[in-house]
Structure formats: structure tokens, C-alpha cells
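# A look at the structure
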Amino acid sequence: RTRRRTKKYTRVFVKTKEKGVITEIHPGNSVYYDYMQVCLGSCSVDDVAVRVLATITSAYADRREILLDCGALALSKDQVPPGCNTDHPWGIIEGHPELTIVKLSQEHAVVRITDDSVPIETYELGTTLKVIPAHSCLAAACFATHVFVCGGIVCGSCETYRYW
């Protein structure tokens, strides 16, 4: 077993049986990256390859909050470290800097609309949003299938390996 540093904070573990023959790879976070790695400076948001698709299931005008159908089982409860100086502990919602995940339950995310100039009616029930999770390893482990998107079109998928 050897260690190779691929980028800051990311290690790849390679297991070999014979010299020069790779039989097992544990890439760590270099496969997807996540919002935590963005906050630590390892990559940019554009480098992050994982998104969790979530649907708006409720809206609460009095609290300026919406509810998404992705909670701790989809995003994980891991948060970016406090020293990262972010208002987005569980990740960010792509294309919506005015939205902040403020609470997770097992199956739901409570999202606050932080920009008062954006009306809550902007977020219609059934709309799909893309969440970049704080910790992609745990988020990815929660799904049996990963779907690949190339240029906005689904171009493949694979089943995940569930055991270490």
C-alpha cells in the first residue's frame, strides 16, 4: 500500500499485489471534490463534480424558507469546518447564492432565502435544485446509483460499491 498526494488535503491509496500491477484504488475526495474542499482552497466550485438533485416540497412565506427533499441521508450531517468562514455549513445550492441550508433532518433540508429582494414565489413547488454537499464522500455513499451528466445531458451511470 502506498500513499500519493494528488492535491492539497487529498490522498490516493493504491494497493498492489505485484510490482507495477494496481489491484485496488481508494481515491478519497479527488473523484468528486465537495464544498469543504472549496472552502479549504483545494479546488474551485467549478472543479466539484458532485451534485445532489433536490425538489422543493414546501414553502413558508412567513419564515422566508423552503423545504427540500434532501436531508442528512442525502447530504450527510458533516459540515465544513468553522474556520472556513462560510454561512453555508452543509453546502451550497448551485446558481442560488441567496439560498442557505439552515437545518437538516433525516430526510429534509430547511433552506432560508437570505436576499429580501427575491420573492418566495420564485421557488415553485416541484422545482429541482442542485446542491453541492459539504462532504461528497458521505453524500455519494447514500446513493445506490451515480448518474453522469456531460454537457447537460445524461451520458451514463454506475452502481456504487457499498462495502469497504
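Preceding block: the structure.
Thresholds applied
- Residues numbered from 1 in each chain as written.
- Predicted model: local features only at pLDDT ≥ 70, side-chain atom pairs only at ≥ 80, totals over all residues.
- Heavy atoms only, no water.
- Helix = DSSP H or I, 4+ residues; strand = E, 2+ residues; numbered from the N terminus.
- Buried < 20%, exposed > 50% of the residue type's maximum accessible area, 1.4 Å probe, protein only.
- Contact = heavy atoms within 4.5 Å.
- Areas by Shrake-Rupley, 256 points an atom, 1.4 Å probe, with all protein chains shown as cover.
- Pairing = 2+ DSSP bridges.
- Core = buried A, V, L, I, M, F, W, Y, C linked by side-chain atoms within 4.5 Å.
- Disulfide = S-S within 2.5 Å.
- Axes fitted to C-alpha atoms, helices over the stretch in contact; angles between N-to-C directions.

## Side note on the overall build of the protein chain
- Across its full length, the protein chain carries 3 helices and 11 strands.
- Reading the protein chain from its N end, one meets helices and strands in the order β-β-β-α-β-β-α-β-β-β-β-α-β-β.
- Across the 164 residues that make up the protein chain, the buried fraction comes to 37%.
- At a minimum sequence separation of 6, the contacts of the protein chain that also span at least 24 residues come to 53%.
- Looking at the protein chain as shown, the accessible area adds up to about 10,200 Å², and 53% of this sits on carbon and sulfur atoms.

## Some thoughts on the environment of Leu73
- You can see Leu73 is positioned in helix 2 (residues 72–75).
- On the accessibility criterion, Leu73 (48% relative accessible area) is partly exposed.
- C-alpha separation for the pair Leu73 and His108, spaced 35 residues apart in sequence, amounts to 8.7 Å.
- In contact with Leu73, other than residues within four places in its own chain, are Gln106, Glu107 and Cys142.

## Section: the pairing of strand 4 (residues 52–60)
- Here 4 bridges tie strand 4 to strand 9 (residues 128–133), and the two strands are oriented antiparallel to one another. From the neighbouring strand, Leu53 faces strand 9, where its bridge partner is Lys130.

## Observations regarding the nonpolar core
- Membership of the largest hydrophobic core comes to 21 residues, with the highest contact counts inside it found for Leu68, Cys70, Ile101 and Val131.
- Elements supplying a minimum of two residues to this core: strand 4, strand 5 (65–68), helix 2, strand 7 (99–104), strand 8 (109–113) and strand 9.
- Not counting chain neighbours up to four residues away, the residues in contact with Leu68 comprise Ala54, Thr55, Ile56, Thr57, Ile93, Glu107, His108, Ala109, Val111, Leu129 and Val131.
- Within the second largest apolar cluster, 13 residues are counted, among which are Val38, Cys43, Val48 and Val80.

## Here we look at the state of the cysteines
- Counting across every chain of the model gives 1 disulfide.
- Here Cys150 engages in a disulfide with Cys155; their sulfurs sit 2.0 Å apart. Disulfide Cys150-Cys155: the torsion about the S-S bond is 50°, which places it as right-handed.

## Points about the sheet that holds strand 4
- Read across the open sheet, the 6 strands follow the order 6-9-4-5-8-7; overall the sheet is antiparallel. Looking at strand neighbours, the two that pair on one side only are strand 6 (91–93) and strand 7, the edges of this open sheet. Along the sheet, successive strands turn relative to each other by an average axial angle of 40°, direction set aside.
- The pairing of strand 7 with strand 8 spans 5 bridges and is classified as antiparallel. Residue pairing across strands places Leu99 opposite Ile113, the latter belonging to strand 8.

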